[in-house]
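These are the residues of each chain, in order.
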Amino acid sequence: MEGTSHGGDLGITVIDRDHQFISELLLEINFNAAKEGDPSRQIRRLKELAHLARSHFLLEEGMMTAARYPGLGVHTLRHEWMIEQIRRPAAYWSGQRNAMTREPMGLLWESHTAHMDCEDRAFGLWLDGFEGEGAR
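Residues numbered from 1 in each chain as written. Predicted model: local features only at pLDDT ≥ 70, side-chain atom pairs only at ≥ 80, totals over all residues. Heavy atoms only, no water.

Notes on the nonpolar core
Here's step 1: If you look at the biggest cluster of nonpolar residues, it comprises 16 residues, and the most contacted ones within it are Leu-26, Leu-46, Leu-49 and Ile-86.
Here's step 2: Elements with a contribution of two residues or more to this core: helix H1 (13-34), helix H2 (39-67), helix H3 (72-95) and helix H4 (102-128).
Here's step 3: The next biggest cluster of nonpolar side chains, apart from the first, holds 7 residues, and it includes Leu-10, Ile-15, Tyr-69 and Phe-123. (Core = buried A, V, L, I, M, F, W, Y, C linked by side-chain atoms within 4.5 Å. Buried < 20%, exposed > 50% of the residue type's maximum accessible area, 1.4 Å probe, protein only. Helix = DSSP H or I, 4+ residues; strand = E, 2+ residues; numbered from the N terminus.)

Side note on the packing of aromatic side chains
Both the distance between ring centres and the angle between the ring planes are used here to describe each pair of aromatic rings.
Here's step 1: For the structure on display, the rule yields 2 aromatic pairs.
Here's step 2: With a centroid separation of 5.0 Å and an interplanar angle of 65°, the aromatic rings of Tyr-69 and Phe-123 are classed as edge-to-face. Within this pair, whereas Tyr-69 is found in the loop between H2 and H3, its partner Phe-123 is found in helix H4, the two being separated by 54 residues in sequence. Comparing Tyr-69 with Phe-123, the two get one shared label, buried.
Here's step 3: Considering the side-chain rings of Tyr-69 and Trp-126, the 5.3 Å spacing of their centres and the 65° angle between planes classify their relative orientation as edge-to-face. Taken as a pair, Tyr-69 in the loop between H2 and H3 and Trp-126 in helix H4 lie far apart in primary sequence, 57 residues in all.
Here's step 4: Overall, Trp-126 belongs to the partly exposed group, its relative accessible area being 22%.
Here's step 5: Three or more aromatic residues joined by ring pairs form one cluster here, namely Tyr-69, Phe-123 and Trp-126. (Phe/Tyr/Trp six-rings, centres within 6.5 Å; stacked < 30°, edge-to-face > 60°.)

Okay, here's the thing in structure tokens:
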């Protein structure tokens, strides 16, 4: 997690911007978890992350529906799984007085980047095939 640039821009401004915001928020949460920061602040930031991710996922899924993307079903399941992974650390911090270790937050980062680089990229590539038809 050396920086917020994931090298996975899709060329869809609103999606790329959301990916950047999510990346920055994950980095902040991870940095504070490594420093054993205030659990209540971490919970607030994770709730912000869940809200941002949920909004972003709805946007992506809406775009995929409008474009009749054949991978929508699997992509939606992946989004549901990712939201659950965001909720787990918040539940942990709510029940514990000590801060979470860095590893679970690192898993969130890895999940986020893998999703952008694989599933989201697949959508971008699929859309590229329809560029002449005005899909973008």
